[in-house]
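# What the coordinates show
Spelled out from the first residue to the last, the chains are:
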Amino acid sequence: MTSPLSIRFAKSVPGEKGALVLLVSEGGELPPAAGKVNESGRVGKAMKVADFTGKTGQTVDLIAPDGDWDRVVIVGIGDIADAGEDHWMKIGGKIFAACKGSETVTVETEIAGKDEIPADGLAAIAGGAKLRAYSFDTYKTKKKDNGKKGVKMTFVAPASTALRNAWKDMDGVTDGVYFARDLVNEPANILGPVEFAKKASELEKLGCEVEILDEKKLKSLKMGALLGVAQGSVRPARVAVIQWNGGKAKDSPVAFVGKGVVFDTGGISIKPAAGMEDMKGDMGGAAAVCGVMHALAARKAKVNAVGVIGLVENMPDGNAQRPGDIVTSMSGQTIEVLNTDAEGRLVLADCLWYTEDRFKPKFMINLATLTGAIIVALGNHHAGLFSNDDDLSEGLTKAGLATWERVWRMPLDKEYDKLIDSKNADMKNIGGRWAGSITAGQFLQRFVRDVPWAHLDVAGTAMGSPKNEYSQSWASGFGVRLLNRLVADSYEK
Ligand code: BES
Ligand code: MN
Ligand code: ZN
């Protein structure tokens, strides 16, 4: 989906048309820019009547005020001393929502007093508005979004290189979020493994190198665990390898690996019918990998990065794998498949092994809608973080707090690892009843050798998470901003 919101920055107010947005910080002073619209004092009075104090997210909407504006919207921006990206993005989302119905929106970014909104704050406001504007309406054949053409939003701010750069980055990152959301929202009849791989190939337009490994290649690589999952579907598996080389030629890359189960019926261990439609989003990890690669390429990040996504469909069929089957993974380790619904780890096992083997990355982070148990543990507000490395975990936790794509570290240990020993093979693909997310993590760890690694279980955050100021979409795009931030903060030179 392209954004229905077009954003620009200008030095002066382009004309008194549509909605004017004024920003007011805690304390409730109108900015000097209010001047004319508040000549009669009506705007100030409306703020008083509405008990407006400038608390973040508060809004006052004045329809048909004095002058030529259709409306004036006052938006509280709270205490901005320690405001981070999330604070500003929420305000951007609020602005977009508050101006619904106006096709032209002018946001005056000057605020009262001596405080100023920093360049990255302004970019984040615009980014928040853009993310709020996202809607998945490809298949709505009737009028889209009230028949509106789209919204033009102008931010009035002095031109500066800092602002230009901040917006270029934010624009690229939010495009990456759009890309991920679209992939997750798309139904599985339209988006199979082959079609997903084709979407990943679109990243070539941004300067990425994309290779698509087909079944023949996957067989020759001996990816028996991944292929075992795919064999119940009439649609063949693919693995996409996406590279962005923005760093020094000899620098080892950072690596992202994604679970891309385009639909998870559970296979022969079939899932109950209720809510099964959500399993079109079981490729949320792979979508986030594509989204972050998009973000890095769009903002020309000075880093070498590789994204590897395992694309399969998990179906019951005459040729599907059975509970009790034993498959041999690319690593050589054998796996007894006791539950065909624990398929994500089988896909990732081969993708992780392949990624470390081929790229010897600086770190490897995989994202996967891996377990229902992580939703039981953490709900929709944190992704589960499992890692063999404290520094990487800390980096992810910090990036999570900055972007509000939060992660919460869970344990890994040999006692849990023992739970997936199998009597018939090297391991089984499920543990017992308890600690389901951890035994899944232990399973993945068996396919990681000497590299800092983190596994993000995004089952509760990639989709179906509660709407907020800057996401109204079932598919959140979780992980794109998180990983982009991790790279920007610690891995770019
Ligand atoms: N894709 C599911 C996990 C999932 C559940 C994601 C709900 C998003 C929302 C995964 O493949 C799965 O089925 N996991 C099983 C594992 C079990 C069989 C050990 C689960 O969580 O029930
Ligand atoms: Mn499953
Ligand atoms: Zn799954």
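Let me sum up the structure you'll find in this document. These figures come from a predicted structure and were not determined experimentally.

Parameters and conventions
Residues numbered from 1 in each chain as written. Chains lettered and ligands numbered in written order. Predicted model: local features only at pLDDT ≥ 70, side-chain atom pairs only at ≥ 80, totals over all residues. Heavy atoms only, no water. Core = buried A, V, L, I, M, F, W, Y, C linked by side-chain atoms within 4.5 Å. Buried < 20%, exposed > 50% of the residue type's maximum accessible area, 1.4 Å probe, protein only. Helix = DSSP H or I, 4+ residues; strand = E, 2+ residues; numbered from the N terminus. Contact = heavy atoms within 4.5 Å. Axes fitted to C-alpha atoms, helices over the stretch in contact; angles between N-to-C directions. Parallel < 35°, antiparallel > 145°, perpendicular 65-115°, else oblique. Left-handed = near helix turned anticlockwise from the far one by under 90°. Nonpolar A, V, L, I, M, F, W, Y, C, P; charged D, E, K, R; others polar. Donors = N, O, S within 2.8 Å, 3.2 Å for Na, K, Ca; no water. Tetrahedral: all angles 85-135°; square planar, octahedral: opposite > 155°, others 65-115°. Pairing = 2+ DSSP bridges.

## Considerations on the nonpolar core
Membership of the largest hydrophobic core comes to 99 residues, with the highest contact counts inside it found for Leu 23, Ile 95, Phe 196, Phe 256, Ile 365 and Leu 396. Sorting elements by how many residues they give to this core places helix α4 (residues 161-185) first, with eleven residues. Setting aside residues up to four positions removed in sequence, Leu 23 forms contacts with Pro 31, Val 75, Ile 77, Ile 95, Val 107, Glu 108, Thr 109, Glu 110, Ile 111, Ile 117 and Ile 125. Val 257, Val 306, Ile 335 and Leu 444 belong to the second largest nonpolar core, which has 50 residues in total.

## Focus: the packing of helix α2 (residues 85-98) against helix α3 (residues 119-132)
At a closest axis distance of 6 Å, the pairing of α2 and α3 adopts a crossing angle of 50 degrees. Taken together, the axes of α2 and α3 lie oblique to each other. Considering only the axes of α2 and α3, their crossing is right-handed. Side by side, α2 and α3 meet where Glu 85, Trp 88, Met 89, Gly 92, Gly 93, Ile 95, Phe 96 and Ala 97 of the first sit next to Gly 121, Ala 124, Ile 125, Gly 127, Gly 128, Ala 129, Leu 131 and Arg 132 of the second. Across the contact of α2 with α3, the residue classes tally to nine nonpolar, five polar and two charged.

## Brief notes about the coordination of the zinc ion (ligand 3)
Coordination of the zinc ion (ligand 3) by the protein is provided by Lys 259 (NZ), Asp 264 (OD), Asp 282 (OD) and Glu 343 (OE), with metal-donor distances spanning 2.0 to 2.4 Å. Coordination at the zinc ion (ligand 3) comes from six donor atoms whose angles at the metal span 78 to 173 degrees, giving a geometry best classed as octahedral. We note that the donor set of the zinc ion (ligand 3) lies within a single chain, spaced as K-x4-D-x17-D-x60-E. For the pair the zinc ion (ligand 3) and the manganese ion (ligand 2), the metal-to-metal distance amounts to 3.2 Å, and Asp 264 bridges them. A residue pair is termed long-range when its members are at least 10 positions apart, and Asp 264 in strand β9 (residues 254-264) and Glu 343 in the loop between β12 (334-337) and α9 (344-359) qualify at 79 residues. In this pair, the class of Asp 264 matches that of Glu 343, namely buried.

## Thoughts on the sheet that holds β12
Strand order across the open sheet formed by three strands is β11-β12-β16, with mixed pairing between neighbours. Single-partner strands in this sheet number two, and they are β11 (325-328) and β16 (427-428). Here β12 pairs with β16 via two bridges, running parallel. Its bridge partner lying in β16, Glu 336 is registered against Lys 428.

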